[in-house]
Amino acid sequence: APEAVRAATAAYQADSDALGRFLSECTMTTPVGQAAVGDLWDAWNAWRAEDGTPEISKREFGQALTKRGFGDKKGTGGRRFRTGLALMAGQDEAG
């Protein structure tokens, strides 16, 4: 495979592993849980920066959560939530 493809594949695998680590360290999987997308994104970015994980777009982050089976729903006032997980206490003010 061309070097660019290998690099992209390696980056993708690192990102997906990083997301798994983030989810296990910062969230709880719970059928009744839900987390605001903005709060998840902020917690991910704080965690990612500390971890040294490369940036991904908000869209890529959302797609990765969908692939892992976390639902997407709209709340009041246009707020979006992910269902099936909850941020652990203190993660919404990560740092």
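For the structure given in this document, a descriptive report is provided here.

The rules behind these values
Residues numbered from 1 in each chain as written. Predicted model: local features only at pLDDT ≥ 70, side-chain atom pairs only at ≥ 80, totals over all residues. Heavy atoms only, no water. Pairing = 2+ DSSP bridges. Helix = DSSP H or I, 4+ residues; strand = E, 2+ residues; numbered from the N terminus. Axes fitted to C-alpha atoms, helices over the stretch in contact; angles between N-to-C directions. Core = buried A, V, L, I, M, F, W, Y, C linked by side-chain atoms within 4.5 Å. Buried < 20%, exposed > 50% of the residue type's maximum accessible area, 1.4 Å probe, protein only. Contact = heavy atoms within 4.5 Å.

Some remarks on the sheet that holds strand E2 (residues 71-74)
Okay, step 1: Strands sit in the order E1-E3-E2 across an open sheet of 3 strands; the sheet is antiparallel. Each edge of the open sheet is held by one strand with a lone partner, namely strand E1 (27-36) and E2. The sheet shows a mean angle of 45° between the axes of neighbouring strands, direction not considered.
Okay, step 2: Pairing between E2 and strand E3 (residues 80-87): 4 bridges, direction antiparallel. Bridge pairing links Gly71 to Thr83 in E3.

Observations regarding the nonpolar core
Okay, step 1: Phe22, Leu23, Leu40, Trp44 and Phe61 are the most contacted members of the largest nonpolar core, which has 17 residues in total.
Okay, step 2: Counting residues per element, the ones that place at least two in this core are helix H1 (3-26), helix H2 (37-51), helix H3 (58-67) and E3.
Okay, step 3: Ignoring sequence-local partners within four residues, the contact set of Phe61 consists of Leu19, Phe22, Leu40, Trp41, Trp44 and Ile56.

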